[in-house]
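Topology and contacts: notes
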Amino acid sequence: MGAGVGWSYGLRRLIDLNKEMELSCKKEVAALLIPSSETLSMFTILEMLMDKEEKIGKCFKKSGPAGVPYSDFPTFQDWMANWTDNRNLEEDFPTKYFQTVGSNLSAAMEKGLDVIEPGCGAGRHTMAVAKKYPNSTFTAFDIDRAQLERNKVACEMMGLTNVTFLYADFCAMPEEWNGRFDYLMIYDCMHDLPHPAQAMAGLKRVLKEDGLVTMMDINTSSDMPTQVQTPMTAVMYNISMHHCMSVSLANGGVGLGACWGSSSLRACFRMQVGRRPR
């Protein structure tokens, strides 16, 4: 099923079409379809994926490539930044997020913690949290050098002095980071990694013994028969096949993708890091 078909299937569950060719939807659905909605901004990823159909098709051939590399998605960071901005606005991030995690972390952040965010991308989460907690210091890293430079400019424009953006890899973090960080926050990247289990093991190394981990990722079921009961499943599997799985496989990875499933992710994290992510 192509990306366009998945998109149509997803819309069919949201919008009704009568015999007079008139479209209608419920009020709660209409709220999702305004340009600044988190849901609609997520769907704009399909514009980036549709021209990859031919390349994805070749990956299914025995003689074809394993996947489509990250470099073939030059607008990914822009899309991710827009989606994150809209979601953060809708969910009042980071205020409500830290309320969900618990008051103890928020109080500790106000006093000052040494925080790390791996796979920071456009840095939207790091900068939002750094602005709210100016007494804490933040180290955020990614493998996209160009995006890291843009992040530094954005930090300067926001007047943030407690954030450092660095080029680094999950599986090859500097030795001087060993046991350094009080708090590790991960947003929307673990499922894209070539080797998430190895990356998680590396994260354990840089945390203090009593360090805290929070992880936000796509909430899907690890049980496929259960997951397919969710209306958006076709769209999620299509996005995952065209990007998340593909970039992982192209980099010699395991290709778990966006629909890896929350229970599998938690189990892997407990095994590799020795604690449960919040």
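To start, this report covers the structure provided alongside it. Residue indices follow the written sequence of each chain, beginning from 1 at its first position. Local features in this predicted model are restricted to residues whose pLDDT is 70 or higher, and side-chain atom pairs enter the listing and the counts only when it is 80 or higher, whereas totals over whole chains, interfaces and linings include all residues. Excluded from the side-chain calculations are hydrogens and water; all other atoms, namely the structure's heavy atoms, are used.

Points about the overall build of the protein
When you go through the protein residue by residue, the secondary structure sums to 14 helices and seven strands. For 278 residues, the compact-globule estimate of 2.2 N^0.38 gives 19 Å, and the protein sits close to it at 20 Å. Judged by the C-alpha coordinates and their principal axes, the protein covers about 60 × 50 × 35 Å. Sequence separation of at least 24 residues holds for 75% of the intrachain contacts in the protein that already meet a minimum separation of 6. Each accessible area is a Shrake-Rupley result for a 1.4 Å probe, and residues are judged covered by the shown protein chains and nothing else. Total accessible area on the protein stands at roughly 14400 Å², and carbon and sulfur atoms take up 54% of it. Charged residues are defined narrowly, with Lys and Arg counted positive, Asp and Glu counted negative, and His plus the chain ends left uncounted. Just so you know, the charge point we use is NZ for Lys, CZ for Arg, CG for Asp and CD for Glu. Computed over 28 positive and 32 negative side-chain charges, the inter-centroid distance for the protein is 4 Å. A helix here means a DSSP run of H or I that spans at least four residues, while a strand means a run of E at least two residues long, and both kinds are numbered starting from the N terminus. C-alpha atoms define the radius of gyration, and 2.2 Å times the number of residues to the power 0.38 defines the globule rule. We call two residues in contact when some of their heavy atoms are within 4.5 Å.

Some words on the nonpolar core
Take the buried Ala, Val, Leu, Ile, Met, Phe, Trp, Tyr and Cys residues and link them wherever side-chain atoms come within 4.5 Å; each set so joined is a nonpolar core. Each residue is assigned to one of three classes by its accessible area relative to the maximum for its type, calculated with a 1.4 Å probe on protein chains only: buried under 20%, partly exposed between the two thresholds, exposed over 50%. If you look at the biggest cluster of nonpolar residues, it comprises 26 residues, and the most contacted ones within it are Met109, Val129 and Tyr183. Mapped onto this core, the elements with two or more residues apiece are α7 (95-101), α8 (103-111), α9 (124-132), β4 (137-142), α10 (145-158), β5 (163-167), β6 (181-187) and β7 (207-216). Among the elements that make up this core, the one with the highest residue count is α9 (four residues). Setting aside chain neighbours within four positions, we find Met109 in contact with Phe98, Val115, Val129, Tyr133, Asn135, Ser136, Phe138 and Tyr183. Within the second largest apolar cluster, 24 residues are counted, among which are Phe181, Met190, Val213 and Leu265.

Examining the side chain of Asp142
Along the chain, Asp142 falls in strand β4. Here Asp142 sits buried without a salt bridge, and the closest side chain of opposite charge, Arg150, lies 9.0 Å off (N-O distance). Identification of polar contacts relies on pairs of N or O atoms within 3.5 Å, with a donor-acceptor requirement for protein atoms, meaning one able to donate a hydrogen and the other able to accept it, and with residues adjacent in sequence counted only if both atoms are side-chain atoms. A distance of 2.8 Å separates the side chain of Asp142 from the backbone nitrogen of Gly121, its partner in a polar contact. If sequence neighbours within four positions are ignored, Asp142 has contacts with Gln77, Gly119, Cys120, Gly121, Leu148, Leu166, Tyr167 and Ala168. By definition, a salt bridge exists where a carboxyl oxygen of Asp or Glu is found within 4 Å of a side-chain nitrogen of Lys or Arg.

Description of the pairing of β5
Inspection of the sheet shows β4 paired to β5 by five bridges, in the parallel sense. What sits directly across from Thr139, in β5, is Thr164. A crossover gets the label right-handed when its path from the first strand over the helix to the second runs clockwise, viewed with the strands pointing away from the viewer. Handedness of the β-α-β unit built from β4, α10 and β5 comes out right-handed. Being paired, for any two strands, means DSSP has found at least two bridges between them.

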